[in-house]
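Tertiary structure, described
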Amino acid sequence: MENAMLTVRNLRFAYDEYLLFDDLSLSLPAGKITALIGANGAGKSTLMNCIAGTQHPFSGDIIVDGMTYAQEGNQIRRSIGYLPDNFGLFPQLTARQHLEYAAAAQQQKNANAIEQAIAVTDLAELLDKLPTALSRGQRQRVGIAMTLVHQPRFILLDEPASGLDPVARSALSQLLKELAATGATLLVSSHILTELRDYATHYIIMDKGRIIRNGDLSDSLQWRLTVTEAGAQQRSLELLASNEVGSEVSHLRLEGEYIYFSLPATENSSGLLRQLIMADIAVAEFTRIGTDIEQLYQQSIQ
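Analysis parameters
- Residue numbers here run from 1 along each chain, matching the order of that chain's written sequence.
- pLDDT decides what is reported in this predicted model: residues at 70 or higher carry local features, side-chain atom pairs at 80 or more are listed and counted, and totals for whole chains, interfaces and linings draw on all residues regardless.
- Side-chain metrics rest on all non-hydrogen atoms present in the structure, leaving aside hydrogens and water.
- In DSSP terms, a helix is any run of H or I states spanning at least four residues, a strand is any run of E spanning at least two, and both are numbered starting from the N terminus.
- Buried means the residue's accessible area, taken with a 1.4 Å probe over protein chains only, is under 20% of the maximum for its type, while exposed means over 50%, and partly exposed covers the values in between.
- We call two residues in contact when some of their heavy atoms are within 4.5 Å.
- Areas reported here follow the Shrake-Rupley algorithm with a probe of radius 1.4 Å; residue values treat only the protein chains shown as occluding.
- Strands are treated as partners if at least two bridges between them are detected by DSSP.
- Arc definition: it is the arc formed by the directions from the helix axis to the C-beta atoms.
- Stacked, tilted and edge-to-face are the three classes applied to pairs of Phe, Tyr and Trp rings, where Trp contributes its six-membered ring and a pair requires centres within 6.5 Å; stacked means planes under 30 degrees apart, edge-to-face means over 60, and tilted covers the rest.
- The criterion is that NZ of a Lys, or CZ of an Arg, lies within 6 Å of the ring centre and within 35 degrees of the ring normal, and then a charge sits over that ring.

Let's talk about the overall build of the protein
- A tally of regular secondary structure across the protein gives 10 helices and 14 strands.
- The principal-axis extents of the C-alpha atoms in the protein amount to approximately 70 × 45 × 35 Å.
- Here the protein holds 302 residues, and the buried ones make up 49% of them.
- For the protein, long-range pairs separated by at least 24 residues make up 69% of all intrachain contacts whose partners lie at least 6 apart in sequence.
- Accessible surface for the protein amounts to roughly 15,100 Å². Of this, 46% is attributable to carbon and sulfur atoms.

What about the pairing of strand E2 (residues 18–29)?
- Direction of pairing for strand E1 (residues 4–15) relative to E2: antiparallel, over a ladder of nine bridges. By the bridge assignment for E2, Tyr15 is matched with Tyr18.

Details of helix H4 (residues 111–121)
- Considered for burial, the residues of H4 that qualify are Ala113, Ile114, Ala117, Ile118 and Thr121. For H4, the angular spread of the buried residues around the axis is 140°, confining them to a single face. Of the exposed residues in H4, those oriented more than 90 degrees away from the buried face are Ala111 and Ala119.
- Check the buried side of H4 and you find it contacts helix H3 (95–105), helix H5 (136–148) and helix H6 (166–181).

Quick word on the packing of aromatic side chains
- Inspection of every chain in the model, using the stated rule, returns seven aromatic pairs.
- When the ring of Phe13 is compared with that of Phe21, the centres are 6.4 Å apart and the planes differ by 50°; the resulting orientation is tilted. Across the pair, exposure class does not vary: Phe13 and Phe21 are buried alike.
- Taken together, a centroid distance of 5.1 Å and an interplanar angle of 35° make the contact between Trp223 and Phe286 tilted. Of this pair, Trp223 sits in strand E11 (residues 220–227) while Phe286 sits in strand E14 (residues 283–290), and the two are 63 residues apart along the sequence. An identical accessibility class is assigned to Trp223 and Phe286; each is buried.
- Among the aromatic residues, those joined into a cluster by ring pairs are Phe13, Tyr15, Phe21 and Phe58.
- Lying across the ring of Tyr258, Arg224 places its NZ or CZ 5.1 Å from the centre.

Written as structure tokens, this is what we have:
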């Protein structure tokens, strides 16, 4: 992949005798937000730990912005901001002291960087508070600010929306989009698939240590078709599944009265609609409904 922030090649990792990753490879585009999706135990957190350098694979290469851990490990760690799942805060430190600690740990001596992290995460009114006086969403904002204080170009967030209320989740989505707009690259793991589509541009689906599907969310668009006659459903399904329509139809399925399918974003759908009408199928609806991450996930794990 050209302009890749991250390239993983032939990664192998095991817990005792359980081999989790066997020859795992992937690329991550720079300046984009990639959603990392999978069930518990799929390997998402372990993959993030390996990328961040907190766990070490048995073999394989992890290349971040052209750098390898073998030669430039410290520089890679300074270029990454990582918020793990279930991160902890020090009970005796205020929010500001947490940011000062994170800045010192990352050798960030620019005082403006702390102020920028405060502004981006809207922490100005919480700086003198201890963690026990903060809500779950506020503690999450402190954690994200600590992740950003050294101004990383590559940001890893493991379940950042976990435990947040709807208002806090909306604010988090907006924050992630703003970070990407500055040129940062984000890899975000989440079980809340409906919210990932608010900000993610790309996706990686994992299952049992394997990447089973990945891509650009704009590459494939979902369509919905309804017909006026019940008997026409089967004929529509057969036509869409055949090679006669001249279109790259994929992920075809019937749900009640609706027929769903995917088309490449670059494909002109009018030709497909014309084929349906020429086949004497009375089309009641032919609607583009965008890309649904939840549907992509369900289709991939079936």
